[in-house]
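Summary of the model geometry
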Amino acid sequence: MRRPFIAANWKMNKTLNEAKNFANEFKELVKDVSDTDILVCVPYTLLCSMKNELKGTNINIGAENVFYEDSGAYTGEISALMIKDFAEFVIVGHSERRKYFGETNDIVNKKIKKALEHDLKVVFCIGETLEKREKGITKEIVGKQVREGLSGLEVISEITIAYEPVWAIGTGKTATPEQAQEMHSFIRDLLEELFGEDAAEKTRILYGGSVKPHNVKELMEKQDIDGGLVGGASLDAESFSKIVKFKGQ
Ligand code: PEP
């Protein structure tokens with residue numbers, strides 16, 4: 001019932017030429033995909049060219065971050081209004097933003113609210129570190145991220161959740177489909193408690209953490225896994241197209 005959703009997160013990768021080459025190859029490879037939503041989130045410097053390269057295709061474009069004010073003296077920051085000129089989506093709360101740039105649940109919450117105010121769709125990232133998992137407090141941490149990140153919102157129809165255990169990001173270690181399903185089901189139950197059954201049923205929850213062509217299918221078979229947020233394997237057009245076309249894997 002929930003439409004599969006496969007999203008790329010390029011992080012700080014690709015020059016203009018590299019991005020153009022990717023776009024040309026990738027759009028051909030996925031042009032016949034009609035049963036899965038496709039999103040490519042790119043560095044700010046590539047938003048404009050990707051908008052042009054991917055115009056009229058079945059590929060959506062997103063940014064990887066956003067600031068929580070509309071304009072002003074915030075050197076180096078980019079607002080939701082600016083992103084809206086080029087993209088429909090934005091990733092908020094990625095664990096690398098939390099780790100390297102000190103983003104707290106409160107900052108993430110402000111960013112989500114601002115993105116929604118300007119009609120951007122949000123991919124909201126949550127996930128526990130290895131330390132927290134080993135302490136046995138995974139659900140406590142992820143539950144707090146959900147409650148605080150979505151605090152004050154009444155509607156979550158424009159939000160997609162990405163559950164990304166930090167220990168699985170870029171490490172080649174994927175959560176087992178069972179570990180991921182357990183957390184996705186926990187998150188959906190929490191969404192039901194906070195926003196009601198209908199919203200919880202409709203919200204897509206993506207898994208992120210070393211998703212590759214060889215493991216995507218078994219993850220996607222789990223009831224509460226609705227898609228993937230893909231880092232490393234999204235940088236190569238062929239590899240990412242195989243993930244998008246997981247049904248044929
Ligand atoms: C990510 O960047 O969100 C991610 C999941 O990266 P990777 O697929 O490389 O683990």
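Structure shown above.
The paragraphs below set out a description of the structure included in this document. The structure presented is a predicted model; accordingly, all values stated were derived computationally and were not measured. (Residues numbered from 1 in each chain as written. Predicted model: local features only at pLDDT ≥ 70, side-chain atom pairs only at ≥ 80, totals over all residues. Heavy atoms only, no water.)

Moving on, we come to the sheet that holds strand β3 (residues 59-63). Paired through their backbone hydrogen bonds, the strands of a sheet run either parallel or antiparallel. Here eight strands make up a closed barrel; going around it, the order is β1-β2-β3-β4-β5-β6-β7-β8 and the pairing parallel. Taking the axes of each pair of neighbouring strands and ignoring which way they run, one obtains an average angle of 25 degrees across the sheet. Looking at chain direction, strand β4 (residues 89-92) and strand β5 (residues 121-126) are connected through four bridges and run parallel. Each residue of the ladder has a partner; that of phenylalanine 89, found in β5, is lysine 121. Packed onto the sheet, helix α7 (residues 138-149) meets β5 and β6 (159-163) and runs at close to 155 degrees relative to β5. (Pairing = 2+ DSSP bridges. Helix = DSSP H or I, 4+ residues; strand = E, 2+ residues; numbered from the N terminus. Axes fitted to C-alpha atoms, helices over the stretch in contact; angles between N-to-C directions. Contact = heavy atoms within 4.5 Å.)

Moving on to the nonpolar core. In this structure, Phe26, Met50, Ile112, Leu150, Leu191 and Phe240 are the most contacted members of the largest nonpolar core, which totals 66 residues. Aside from chain neighbours lying at most four places away, what touches phenylalanine 26 is Ile38, Val40, Ile59, Ala237, Phe240, Ser241 and Val244. (Core = buried A, V, L, I, M, F, W, Y, C linked by side-chain atoms within 4.5 Å. Buried < 20%, exposed > 50% of the residue type's maximum accessible area, 1.4 Å probe, protein only.)

What follows covers the site of the ligand. Close to the ligand lie 14 residues; Lys11, Glu164, Gly170, Ser210 and Gly231 are nearest. Within the side chain of lysine 11, one N or O atom sits 2.8 Å away from an oxygen atom of the ligand. Within the complex, 98% of the 300 Å² of free accessible area of the ligand lies under protein. (Near = heavy atom within 4 Å. Polar contact = N/O pair within 3.5 Å; in protein donor to acceptor, adjacent residues only side chain to side chain. Areas by Shrake-Rupley, 256 points an atom, 1.4 Å probe, with all protein chains shown as cover.)

Our next topic: the state of the cysteines. This model, assessed by the stated rule, comprises zero disulfides. No disulfide involves cysteine 41; its nearest neighbouring cysteine sulfur is the one of cysteine 125, lying 8.8 Å away. Among the residues examined, cysteine 125 registers a relative accessible area of 1% and is labelled buried. (Disulfide = S-S within 2.5 Å.)

As enumerated under the stated definition, the model contains 23 salt bridges in all. Between lysine 135 and glutamate 131 there is a salt bridge, with the nearest N and O atoms lying 3.3 Å from each other. Accessibility expressed as a relative area gives 55% for lysine 135, which makes it exposed. Classification of glutamate 131 by relative accessible area gives partly exposed; the value is 47%. Among the ionic contacts, a cluster of salt bridges with common partners joins Arg2, Arg188, Glu201, Asp224 and Asp226. (Salt bridge = Lys/Arg side-chain N within 4 Å of Asp/Glu carboxyl O.)

As a further point, take the packing of helix α1 (residues 16-29) against helix α11 (residues 237-244). Contact geometry for α1 and α11: axes closest at 9 Å, N-to-C directions at 30 degrees. Considering their axes alone, α1 and α11 lie roughly parallel with respect to each other. Relative to α11, α1 is oriented so that their crossing is right-handed. Where α1 approaches α11, its residues Phe22, Glu25, Phe26 and Leu29 are matched on the opposing element by Ala237, Glu238, Phe240, Ser241 and Val244. Tallied by class, the residues present in the contact of α1 with α11 amount to six nonpolar, one polar and two charged. (Parallel < 35°, antiparallel > 145°, perpendicular 65-115°, else oblique. Left-handed = near helix turned anticlockwise from the far one by under 90°. Nonpolar A, V, L, I, M, F, W, Y, C, P; charged D, E, K, R; others polar.)

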